[in-house]
Amino acid sequence: MKNNPARRNILQGLIASAVVVGFNPLNRSWVTSAEAAQSFINLPHLDGVLYTDDATRTNAADDFGHLVHRYPKAILKPGSIHDIVNIIKFARTHTLKVAPRGQGHTCYGQAQVEDGIVIDISTLNKIHDISTERVIVEAGVRWSELLQATLPQQLTPPVLTDYLELSIGGTLSFGGIGGATHRYGMQVDNILELQVVTGEGHLLTCSLYQNRDLFETVLAGLGQCGIIVRATIRLIKAERNARVFLLDYDDLAAFTHDQRLLIEDKRFNYVEGQIISDPNGGWRYLLEAASFYTPPNEPDNISLLASLSYTRGTEQIEDKIYFDFLNRLSPTVAFLQSIGVWSNPHPWINLFVPGTAVEQYISEVVSILTLADTGNSPILLYPVKTDRFTLPLFRVPNEQIVFLFAILRTAPSDDDTTSARMLADNRRLFERNRDLGGTRYPVDAIAFSQEDWQQHFGSVWSRLVNAKRRYDPDNVLTPGQGIFTGS
Ligand SMILES: Cc1cc2nc3c(=O)[nH]c(=O)nc-3n(C[C@H](O)[C@H](O)[C@H](O)COP(=O)(O)OP(=O)(O)OC[C@H]3O[C@@H](n4cnc5c(N)ncnc54)[C@H](O)[C@@H]3O)c2cc1C
């Protein structure tokens with residue numbers, strides 16, 4: 001018992017924060033055991049720990065963007081799903097707002113809450129059951145952990161994000177896009193069942209066959225109607241290796257033409273692409289594609305590259321272990337962490353551009369874009385097919401092919417002027433794309449009004465409003481998205 005890490009964590013929490021035993025509704029502050037008096041309301045029973053110390057609050061008032069800081073009153077590290085039920089009921093009674101937080105990798109305070117309670121879902125991290133077609137996991141599990149658990153059985157989730165250290169609950173609240181999306185849709189399109197705690201503190205199971213309305217408003221629902229606590233995720237057979245192709249283009253139209261061809265004929269398992277700086281000035285395009293295989297069934301390079309018009313002789317072809325390919329950002333992230341750049345501000349912009357407008361839009365953007373505008377950071381551009389998308393709240397342009405366009409900007413630290421300039425540019429780029437029929441993938445940093453949200457959701461706005469009324473009638477959940485402002 002002495003060396004039990006779970007018990008040690010709990011004790012550390014109690015020491016850090018004194019023991020929070022209640023909430024004083026008169027002055028809206030927590031009451032510790034040392035101050036216990038008759039005027040406070042007892043906290044519900046918790047299997048985990050409620051933290052109120054400055055260090056934990058400061059951490060929860062930050063995210064990967066480092067642009068927005070909202071200080072919560074407390075952070076719950078739940079020891080069970082019932083802790084989430086109990087704390088939401090408690091918050092509702094005391095008109096406190098609640099923000100679920102996975103790994104805090106959004107850019108603009110989406111998982112933060114001023115004066116409310118952050119629920120740090122990362123302590124719900126069990127992988128329960130892996131069978132040949134599906135896995136049941138808690139929402140705080142990271143995709144890297146899930147993949148490491150399924151691969152020994154030669155199984156994999158169909159779609160993985162470029163970075164695997166994101167929580168399952170966090171990405172399912174947005175969508176979850178990756179290089180396999182052209183084949184299998186978003187991560188949310190591969191969920192068979194969820195367990196959700198609603199804004200009323202009800203624990204419900206939902207799927208296409210049970211509580212379908214909740215299922216369809218929680219997946220890609222930006223945390224507005226419920227907190228995902230458990231997910232059943234579809235699995236497919238995993239191949240052992242990935243043959244990775246990097247193909248260079250100097251012409252945007254040729255690049256997008258070939259990307260479209262590849263997602264239509266599906267000759268590769270994975271298709272993405274980047275806009276990269278040309279050493280001679282301007283921009284070039286890098287098509288990234290991968291074919292997954294298990295030896296001795298090697299892919300045929302000649303047929304994979306047939307009829308593509310990349311710059312001949314510049315292609316790079318490399319074989320990788322499947323996991324290493326999917327986890328390829330890990331060494332770069334470790335390097336950026338080691339030099340401190342990972343903790344710089346990240347005014348990212350992520351958009352979906354209509355396929356019919358992409359050449360026009362991207363030509364306009366790159367004609368004035370400089371490396372200083374991006375902070376020398378990656379720019380993603382790749383197409384996906386919308387016929388794979390099944391969730392109403394996941395908003396993309398109304399076309400068969402749309403392009404993810406993302407400038408993953410890094411601003412210098414201690415330079416608010418540059419961050420503000422990048423944020424203003426995000427708004428300009430968003431508006432131009434919106435006027436062409438485009439949408440936003442809202443993991444990023446764009447100032448958004450309620451009117452913008454209404455326009456974003458378009459024909460499903462009333463569906464979201466009705467679901468919010470039904471599942472979170474007191475507007476307790478996830479205020480950091482800024483969709484339902486006010487009480
Ligand atoms: C380096 C990097 C690479 C990325 N690559 C990709 C990519 O390839 N594809 C892609 O789609 N996205 C990508 N993203 C964006 C990423 O999907 C989102 O930022 C996602 O939210 C990250 O998960 P998280 O666990 O950090 O969520 P958080 O930032 O903690 O939360 C995100 C939002 O979801 C809510 N939320 C959190 N947990 C739950 C839950 N259990 N139930 C309901 N709501 C919840 C939060 O309140 C918040 O509003 C990337 C981000 C980074 C920083």
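Q: Lay out the pattern of salt bridges in plain terms, naming residues and giving numbers.
A: Across all of its chains, the model carries 30 salt bridges by this definition. Residue Arg427 pairs with Asp452 through a salt bridge whose shortest N-O separation is 2.8 Å. Here the residue Arg427 occupies a position in helix H14 (residues 416-435), and Asp452 occupies one in helix H15 (residues 450-457), the gap between them amounting to 25 residues. In the salt-bridge network here, residues are joined through shared partners; they are Arg212, Asp213, Glu216, Arg463 and Arg470.

Q: Summarise the domain arrangement of the chain; cite the residues concerned and give the values.
A: Splitting the chain by domain gives domain 1 (5-123), domain 2 (127-238) and domain 3 (241-450). On a C-alpha basis, the centroid separation for the pair domain 1 and domain 2 is 25 Å. Tallying the contact residues gives 17 residues for domain 1 and 18 residues for domain 2. Among the residues of domain 1 in contact with domain 2, Ile81, Ile88 and Gln103 are the three that bury the most area, contributing 35% of the side total. Connecting domain 1 to domain 2 are 1 salt bridge. A salt bridge links Glu200 to Arg92; its shortest N-O distance comes to 3.8 Å. For the pair domain 1 and domain 2, the number of links is 0 residue pairs in polar contact (both at pLDDT 80 or more).

Q: How would you sum up the pairing of strand E12 (residues 203-207)? Please name residues and give values.
A: One ladder, built from 5 bridges, connects strand E11 (residues 191-198) with E12; its direction is antiparallel. Bridged to Glu193 within E12 is Ser207.

Q: Give me helix H16 (residues 461-471): which residues, what numbers.
A: Counting along an α-helix, one turn takes 3.6 residues, and residues three or four places apart therefore face a common direction. Trp461, Leu464, Val465, Ala467, Lys468 and Tyr471 are the residues of H16 that are buried. Here the buried residues of H16 occupy an arc of 165° about the axis, which is enough to place them on one side. Set apart from the buried face of H16 by more than 90 degrees, the exposed residues are Arg469 and Arg470. Buried residues belonging to H16 abut E11, helix H7 (212-218) and H15.

Q: Report on the sheet that holds E12, specifying residues and quantitative values.
A: Spatially, E8-E9-E13-E11-E12 is the arrangement adopted by the 5 strands of the open sheet, whose pairing is antiparallel. The open sheet has two free edges, formed respectively by strand E8 (127-130) and E12, since each of these has just one partner strand. The average undirected angle you get between the axes of adjacent strands in this sheet is 15°. Relative to strand E9 (residues 134-138), E8 runs antiparallel, the two sharing 3 bridges. Its bridge partner lying in E9, Ile127 is registered against Val137.

Q: Account for the site of the ligand, with residues named and values stated.
A: With respect to spatial proximity, 33 residues lie near the ligand, and among them Pro100, Gly102, Asp162, Ser167 and Tyr441 are the closest. In the model, an oxygen atom of the ligand is placed 3.2 Å from a nitrogen or oxygen of the Thr106 main chain. In this structure, Ile177 approaches the ligand through a main-chain N or O atom, which is 2.8 Å from a nitrogen atom. Here the ligand, which alone exposes 960 Å², has 96% of that area covered by the protein. Looking at the shell around the ligand, the elements with two or more residues in it are strand E6 (98-101), helix H5 (168-174) and strand E13 (226-234). In terms of residue count, the dominant contributor to the shell around the ligand is H5 (5 residues).

Q: Residue-level account of the sheet that holds strand E21 (residues 401-407), with values.
A: Hydrogen bonds between backbone groups are what pair the strands of a sheet, and the pairing can be parallel or antiparallel. Here we have 8 strands laid out as an open sheet, ordered E18-E15-E17-E16-E20-E21-E19-E22, and antiparallel in their pairing. Each edge of the sheet is formed by a strand with only one pairing partner; in this case those strands are strand E18 (316-321) and strand E22 (439-440). Across 8 bridges, strand E16 (residues 270-277) lies against strand E17 (residues 283-293) in antiparallel orientation. Paired with Ile276 across the strands is Arg284, a residue of E17. Each of strand E15 (241-249), E16, E17, strand E20 (379-385) and E21 is contacted by helix H8 (residues 252-265), which is oriented at about 40° to E20, the strand it contacts most.

Rules used in this analysis
Residues numbered from 1 in each chain as written. Predicted model: local features only at pLDDT ≥ 70, side-chain atom pairs only at ≥ 80, totals over all residues. Heavy atoms only, no water. Salt bridge = Lys/Arg side-chain N within 4 Å of Asp/Glu carboxyl O. Helix = DSSP H or I, 4+ residues; strand = E, 2+ residues; numbered from the N terminus. Domains from an automatic or database assignment. Contact = heavy atoms within 4.5 Å. Buried area = accessible area lost by both parts, 1.4 Å probe. Polar contact = N/O pair within 3.5 Å; in protein donor to acceptor, adjacent residues only side chain to side chain. Pairing = 2+ DSSP bridges. Buried < 20%, exposed > 50% of the residue type's maximum accessible area, 1.4 Å probe, protein only. Arc of directions from axis to C-beta. Axes fitted to C-alpha atoms, helices over the stretch in contact; angles between N-to-C directions. Near = heavy atom within 4 Å. Areas by Shrake-Rupley, 256 points an atom, 1.4 Å probe, with all protein chains shown as cover.

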